[in-house]
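# Geometric and topological summary
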Amino acid sequence: MSALRPSLLDDHHKETGSSSSLHKPLPAAKTKEKPNVRRKVFINLLLNMRMMCEEKMKHQAHRHFFSTLVVKTKVQWTRIFYEYHRLALGLTVGAGFVLYYMIEAVKKPMLACRGSAWKSFLQQHLHYLHDYYWPTLWCFESRAQTIMASFIRSRMPDIKYKREVLALKDGGQVCLDWLDEGNEASRDHDHPERPTVILLPGLTGCSQSEYVKSFVLAVERTSARCVVFNNRGRGGIELKTPRTYCAANSDDLEEAIDYIRGKFPDAPLMATGISLGGMIIGNYLSTRGEKAARSLVAAMVLSIPWNVFVGTESLEKPLWNLLLNRHLANCLCNTVDSMRNMLEGDHKWDIDHVMKSKTIREFDTRFTALQFGYGTVENYYKAACLHDKLDKIKVPLLCLSAADDPFQPLEGIPVEAAKKSSHVAIAVTARGGHIGFMEGLFPTNTYYSDRIYGQLVSAIFNNLHLIADIKKEAMDYSKT
């Protein structure tokens, strides 16, 4: 600036034609000093202004950057929501769905059991009880689990069995289907000390039912011997007497267990029941007491309606539960129709009236309660209930249930009673439906329930000395 300023002044004098008479020169000393002072003051002023401007611009640029970023972000999201509203809606719903799944569906199972040797055994040997159960992401709703699990398992090929028909004392018959393991294992099939598992299917099931085959294969992997108990008239066997089966009667099971114990007296025997089959086993355990304890080393049941009244009320709720109810009632009617020649005639029930049943309660009212002498469906359901009979069970028992089971909601599961029981433990998962328990993004034929079951069978038969101690501790506790 000091180099430019004199020339500018000279040019100004030339242009205005100012003379020395109009602008008298100042004294030499002052003329030389004053312009320098003015320049310094002016330059300092400019520098200070420049610094102030730079600081202000820098601060404003900083603010502008963040405000622009926020504005741009808002604009971008706004643009996505307006121009790609379907994508934005899908992302929002998907994020909410995954969050709900992680919070409500993925949980560790709850183990309701007294602080006993049986509980310690389960916690030590069933590692899956300590893990989170991850139900199938796209199919964790209870009814969806129930239906899809059955559909996916139905792809399993039939299992080869060796059938043995067991004649009963009243003239009826049931069939025992022994797993045929082929020529390589045939020499060990009849080994007198080989551990054995007897398996009971559900309401209208048999040895080739999809969920039964899953458990049979789980037993096979443990190298134990497996036999499936088919109820009267099930599994393609002829009904010999006008009597079928029900949840409150375990006479046929008792005869089958006695037969197996007589055939393999030195083989430890474990009982497993699924749904109605589990109720029959529970009835056997609660009514036979110490005899059952001498016959069985342990037992497991899956998805059983502990409280039949609660379960029936749940199945009568519209819409999906009621549809499941009607489907099962139709299956029961078809079963009765296939045995019509033996069941029609002069009996307490009217077979034509039975065939018009639309729900399980109607079927039990018109047929089951009358056939087994209970008179009313209320009396039959009371006899079939197990939630109030845990104190009568004298065999180490594990039950696997789902809190969302449409056949037995959580309020019907005797969790508090199990915490005081001498022999019973109940593992409850948050999800799983009825005999569902699918897991993984792409479910296979092996589910969470199969893994729990296989691990339990292996643990029991590999630690029979511990089971004996468990039974003694539980029996001593029950006497107190």
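Now for a description of the structure that goes with this document. Nothing here was measured: the structure is a model prediction, and the numbers come from that model.

## Things to note about helix 3 (residues 85–105)
Between its first and last C-alpha, helix 3 extends 29 Å over 21 residues, near the 30 Å set by a 1.5 Å rise per residue. Regarding helix 3, the residues found buried are Ala88, Tyr101 and Ala105.

## Focus: the sheet that holds strand 2 (residues 161–167)
As summarised here, the arrangement of the nine strands in space is 1-9-8-7-6-4-5-3-2, forming an open sheet in which the pairing is mixed. In this open sheet, the two strands that pair with only one neighbour each are strand 1 (110–112) and strand 2. The sheet shows a mean angle of 20° between the axes of neighbouring strands, taken without regard to direction. Its contacts with the sheet place helix 9 (residues 276–288) against strand 4 (196–200), strand 6 (269–274), strand 7 (298–302) and strand 8 (397–402), and it is angled at close to 135° to strand 6.

## Considering the state of the cysteines
Overall, the coordinates contain zero disulfides when judged by the stated rule. Cys206 takes part in no disulfide bond, and the closest cysteine sulfur, belonging to Cys175, lies 8.4 Å away.

## Topic: the packing of helix 7 (residues 210–221) against helix 18 (residues 448–462)
One can describe the packing of helix 7 onto helix 18 by two numbers: an axis separation of 9 Å at closest approach and a directional angle of 35°. Seen from above, helix 7 lies across helix 18 with right-handed handedness. In this structure, helix 7 contributes Ser214, Phe215, Ala218 and Val219 to the contact, and helix 18 contributes Ser449, Asp450, Tyr453 and Gly454. Here the residues of the contact of helix 7 with helix 18 are counted per class, giving four nonpolar, three polar and one charged.

## Description of the packing of helix 11 (residues 308–315) against helix 16 (residues 377–384)
With their axes 8 Å apart at the nearest point, helix 11 and helix 16 run at an angle of 120° to one another. It follows from the interaxial angle that helix 11 and helix 16 lie oblique. Judged by residue contacts, Val308, Phe309 and Thr312 of helix 11 engage Glu378, Tyr381, Lys382 and Ala384 from helix 16. Tallied by class, the residues present in the contact of helix 11 with helix 16 amount to four nonpolar, one polar and two charged.

About the criteria used
- Residues numbered from 1 in each chain as written.
- Predicted model: local features only at pLDDT ≥ 70, side-chain atom pairs only at ≥ 80, totals over all residues.
- Heavy atoms only, no water.
- Helix = DSSP H or I, 4+ residues; strand = E, 2+ residues; numbered from the N terminus.
- Expected span 1.5 Å × (residues − 1).
- Buried < 20%, exposed > 50% of the residue type's maximum accessible area, 1.4 Å probe, protein only.
- Pairing = 2+ DSSP bridges.
- Axes fitted to C-alpha atoms, helices over the stretch in contact; angles between N-to-C directions.
- Contact = heavy atoms within 4.5 Å.
- Disulfide = S-S within 2.5 Å.
- Left-handed = near helix turned anticlockwise from the far one by under 90°.
- Nonpolar A, V, L, I, M, F, W, Y, C, P; charged D, E, K, R; others polar.
- Parallel < 35°, antiparallel > 145°, perpendicular 65-115°, else oblique.

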